[in-house]
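Architecture and fold: a report
One-letter residues, chain by chain:
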Amino acid sequence: MTDSPHESPAPAQKPLDSLIRHTTDNAVSWITLDRPEAMNALTWDQRERVIELLTAASADPDVRAVVITATGRGFCAGADLRAGPPAGKRVPGDVARTVRLGAQRLIAAVLDCEKPVIAAVNGTAAGIGAHLAFACDLVLAAEPARFIEVFARRGLVPDGGGAYLLPRLVGPQRAKELMFFGDALSAADAERMGLVNRVVPAEELEKTARAWAERLAAGPTRALALTKQLVNASLDTDRATAFAAEAAAQEINMTTADAIEGVTSFVERRSPRFTGH
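Residues numbered from 1 in each chain as written. Predicted model: local features only at pLDDT ≥ 70, side-chain atom pairs only at ≥ 80, totals over all residues. Heavy atoms only, no water.

1. So, the overall build of the chain
- The number of helices and strands found in the chain is 12 helices and 10 strands.
- For 277 residues, the compact-globule formula gives about 19 Å, and the C-alpha radius of gyration of the chain, at 19 Å, lands near that figure.
- Viewed in the frame of its principal axes, the chain has a C-alpha envelope of about 65 × 40 × 35 Å.
- Within the span of the chain, comprising 277 residues, buried residues form 47% of the whole.
- In the chain, the proportion of contacts linking residues at least 24 apart, taken out of those at least 6 apart, comes to 72%. (Helix = DSSP H or I, 4+ residues; strand = E, 2+ residues; numbered from the N terminus. Rg over C-alpha atoms; globule rule 2.2 N^0.38 Å. Buried < 20%, exposed > 50% of the residue type's maximum accessible area, 1.4 Å probe, protein only. Contact = heavy atoms within 4.5 Å.)

Following this line, the structure appears as structure tokens:
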């Protein structure tokens, strides 16, 4: 196990389904990293499985929210180099290609998922593991959780979207502090900095994640997807473009059954019954 951000393809020693557990319950897709002996460091095939599940969630009308969580003391200790064969001689472009097709694809899969994604961080989230959590739409953390930007400790540049995500969440100065020093950040400090939505006792993490996810799953799914897209895009655009995108999104949204139900329920003075369509 390692918290290095790069890895080589390698078969898992145990069946992949036992390392990345997946269930769908009450319209919530639960993706659980289950390799506690390695602090849930991700091998190549595990990462591909998570990407596959996030992509499938976007296209599945029976899935209306996603939770990413883990077992044991670690949420995700980054990428696992030791699970693969020794790296051969590098040629120019190999590292950039690995980052682009690997860690960046994982983070993009979270950001691009058309359903709201909750990170339920049970323990240490380091390197790519921290970025996996920060890419999620909402972050819940158990009190023992820690977040560590380990890259500088290893003489590496943060990848997997770190330099993109962190300044947008905490500002450039805080982002540099976290990345330059690589100190462990407690769940409470992460909450104060705005990296975490809420910290809960460890025994309440799953219960809270389930309550939040099921509330999202009962909501207007397409409206939430469009809202996610608008918020994410707004950080990279000017006001005129953002306003135009907002108007276009509302135009699209008003054709959905949930939007019609929302307006109708308001007029009829009752709670809406959203179906995700």
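2. Side note on the layout of surface pockets
- In this structure, the largest pocket encloses a volume near 640 Å³.
- Looking at the largest pocket, it is lined by 28 residues, and the ones nearest its centre are Cys136, Asp137, Lys228, Val231 and Asn232.
- Elements represented by at least two residues in the lining of the largest pocket include exactly helix H4 (103–112), strand S7 (138–142), helix H6 (162–170) and helix H10 (221–234).
- Here the lining of the largest pocket takes seven residues from H10, the largest share from any one element.
- Per-class residue counts for the lining of the largest pocket are 18 nonpolar, five polar and five charged. (1 Å grid on protein atoms, 1.4 Å probe; cavity = no way out; pocket = protein on both sides within 12 Å on 5 of 7 lines; lining within 4 Å. Points joined across faces, edges and corners; volume = space filled by probe spheres on them. Nonpolar A, V, L, I, M, F, W, Y, C, P; charged D, E, K, R; others polar.)

3. Things to note about the pairing of strand S1 (residues 20–25)
- When S1 meets strand S2 (residues 28–33), the two strands line up antiparallel, connected through six bridges. By the bridge assignment for S2, His22 is matched with Ile31.
- From the end of S1 to the start of S2, which pair antiparallel, there are two residues, and Asn26 there has a positive phi angle of about 55°. (Pairing = 2+ DSSP bridges.)

4. With respect to the packing of H6 against helix H7 (residues 172–181)
- Interaxial distance between H6 and H7 falls to 7 Å at its minimum, and their mutual angle equals 130°. Viewed along their axes, H6 and H7 adopt a mutual orientation that is oblique. Between H6 and H7 lies a crossing of right-handed hand. Facing H6, whose interface residues are Gly162, Ala163, Leu166, Pro167 and Val170, H7 presents Pro172, Arg174, Ala175, Leu178 and Met179.
- Residues belonging to the contact of H6 with H7 are distributed by class as follows: eight nonpolar, one polar and one charged. (Axes fitted to C-alpha atoms, helices over the stretch in contact; angles between N-to-C directions. Parallel < 35°, antiparallel > 145°, perpendicular 65-115°, else oblique. Left-handed = near helix turned anticlockwise from the far one by under 90°.)

5. Here we look at H6
- Among the residues making up H6, those that are buried are Gly162, Leu165, Leu166 and Val170. Relative to the axis of H6, the buried residues are bounded by an arc of 90° and lie together on one face.
- If you follow the buried residues of H6, they end up packed against H4, helix H5 (128–134), H7 and helix H8 (187–193). (Arc of directions from axis to C-beta.)

6. Remarks on the confidence of the model for the chain
- Confidence in the prediction of the chain, expressed as mean pLDDT, is 92, and 92% of residues score 70 or more.
- Here residues 1–12 is a poorly scored stretch, pLDDT under 50, and it has 54 contacts once near neighbours within four places are set aside; other chains count. (pLDDT = per-residue confidence, 0-100.)

7. Some thoughts on the nonpolar core
- The biggest cluster of nonpolar side chains holds 49 residues, and the ones touching the most others in it are Leu54, Val66, Ile68, Phe75, Val121 and Phe147.
- Ranked by size, the runner-up nonpolar core spans 14 residues in total, among them Val67, Ala209, Ala213 and Ala217. (Core = buried A, V, L, I, M, F, W, Y, C linked by side-chain atoms within 4.5 Å.)

8. A look at the packing of aromatic side chains
- Under the counting rule described, the total for this entry stands at one aromatic pair.
- Here the aromatic rings of Phe134 and Phe147 are separated by 5.4 Å at their centres, their planes lie at 25°, and the arrangement is stacked. Separated by 13 residues along the polypeptide, Phe134 in helix H5 and Phe147 in strand S8 (residues 146–148) bring together distant segments of the chain. With respect to burial, Phe134 and Phe147 carry one shared label: buried.
- Above the ring of Tyr164, the side-chain terminus of Arg168 is found at 3.8 Å from the ring centroid. (Phe/Tyr/Trp six-rings, centres within 6.5 Å; stacked < 30°, edge-to-face > 60°. Lys NZ or Arg CZ within 6 Å of the ring centre and 35° of its normal.)

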